[in-house]
Amino acid sequence: MTKPVTIAFKEFLRIPALNQNALKKQLLIILLTFLLSGLLSAQYKFSNPVVIDTKDGLPSNNITTITKDSLGFMWFGTDNGLCRWDGIT
């Protein structure tokens, strides 16, 4: 495995101009990648989330697994058991 190389700014100035331009382009690409990844992240904003807890019949508020079956039921796995929810009651 190759170790990363760190150089001081003075050493950077001694690099030939062609290599400096290549390094500047690589740095620009890396910076743009980080900036654009934040703007283009796949974050979905829920406008009206449904909150289900033990008052609604869940065995526990500690949910470890969620899945949806072919009939449309949501299944919640908790530390105290499994619960099926139809989306209404």
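For the structure, see preceding data.
Residues numbered from 1 in each chain as written. Predicted model: local features only at pLDDT ≥ 70, side-chain atom pairs only at ≥ 80, totals over all residues. Heavy atoms only, no water.

Peer 1: Can you walk me through the overall build of the protein chain in this structure?
Peer 2: Secondary structure assignment for the protein chain yields two helices and three strands. When the helices and strands of the protein chain are placed in sequence order, the string is α-α-β-β-β. Long-range pairs, those at least 24 residues apart, make up 11% of the contacts in the protein chain with a sequence separation of at least 6. When the accessible surface of the protein chain is split by element, carbon and sulfur atoms take 62% of a total near 8,300 Å². (Helix = DSSP H or I, 4+ residues; strand = E, 2+ residues; numbered from the N terminus. Contact = heavy atoms within 4.5 Å. Areas by Shrake-Rupley, 256 points an atom, 1.4 Å probe, with all protein chains shown as cover.)

Peer 1: Where do I start with the packing of aromatic side chains in this structure?
Peer 2: Ring pairs (aromatic) are described by centroid distance and by the angle formed between their planes. Counting across every chain of the model gives one aromatic pair. Over the ring of F73 we find R84; its NZ or CZ atom is 4.1 Å from the centre of that ring. (Phe/Tyr/Trp six-rings, centres within 6.5 Å; stacked < 30°, edge-to-face > 60°. Lys NZ or Arg CZ within 6 Å of the ring centre and 35° of its normal.)

Peer 1: Would you mind going over the pairing of strand 2 (residues 74-78) with me for this structure?
Peer 2: Side-chain direction in a regular strand flips from residue to residue, so the side chains alternate between the two faces of the sheet. Here strand 1 (residues 63-68) runs beside strand 2; their pairing, made up of five bridges, is antiparallel. Within the sheet, the bridge partner assigned to I66 lies in strand 2 and is F76. The antiparallel pairing of strand 1 with strand 2 creates a hairpin that spans five residues between the two strands, and G72 there sits at a positive phi of about 95 degrees. By the bridge criterion, five bridges tie strand 2 to strand 3 (residues 81-85) in an arrangement that is antiparallel. Directly across from G77, in strand 3, lies its bridge partner L82. Here strand 2 hands over to strand 3 after two residues, the two strands then running antiparallel side by side. (Pairing = 2+ DSSP bridges.)

Peer 1: Looking at this structure, I do not really get the pattern of salt bridges. What am I missing?
Peer 2: Pairs can form between side chains of opposite charge whenever their charged atoms are close. Summed over all chains, the structure comprises one salt bridge. For D53, the salt bridge identified is with K55, shortest N-O distance 4.0 Å. (Salt bridge = Lys/Arg side-chain N within 4 Å of Asp/Glu carboxyl O.)

Peer 1: Could you clarify how one ought to interpret the side chain of T78 in this entry?
Peer 2: Residue placement: T78 occurs in strand 2. Residue T78 is classed as buried on the basis of its relative accessible area of 11%. Among the polar contacts listed, one links the side chain of T78 to the backbone nitrogen of N80, at a separation of 3.2 Å. A distance of 2.8 Å separates a polar atom in the side chain of T78 from the backbone oxygen of G81. Here T78 is in contact with L58, P59, S60, N62, I63 and T64, once residues within four sequence places are set aside. (Buried < 20%, exposed > 50% of the residue type's maximum accessible area, 1.4 Å probe, protein only. Polar contact = N/O pair within 3.5 Å; in protein donor to acceptor, adjacent residues only side chain to side chain.)

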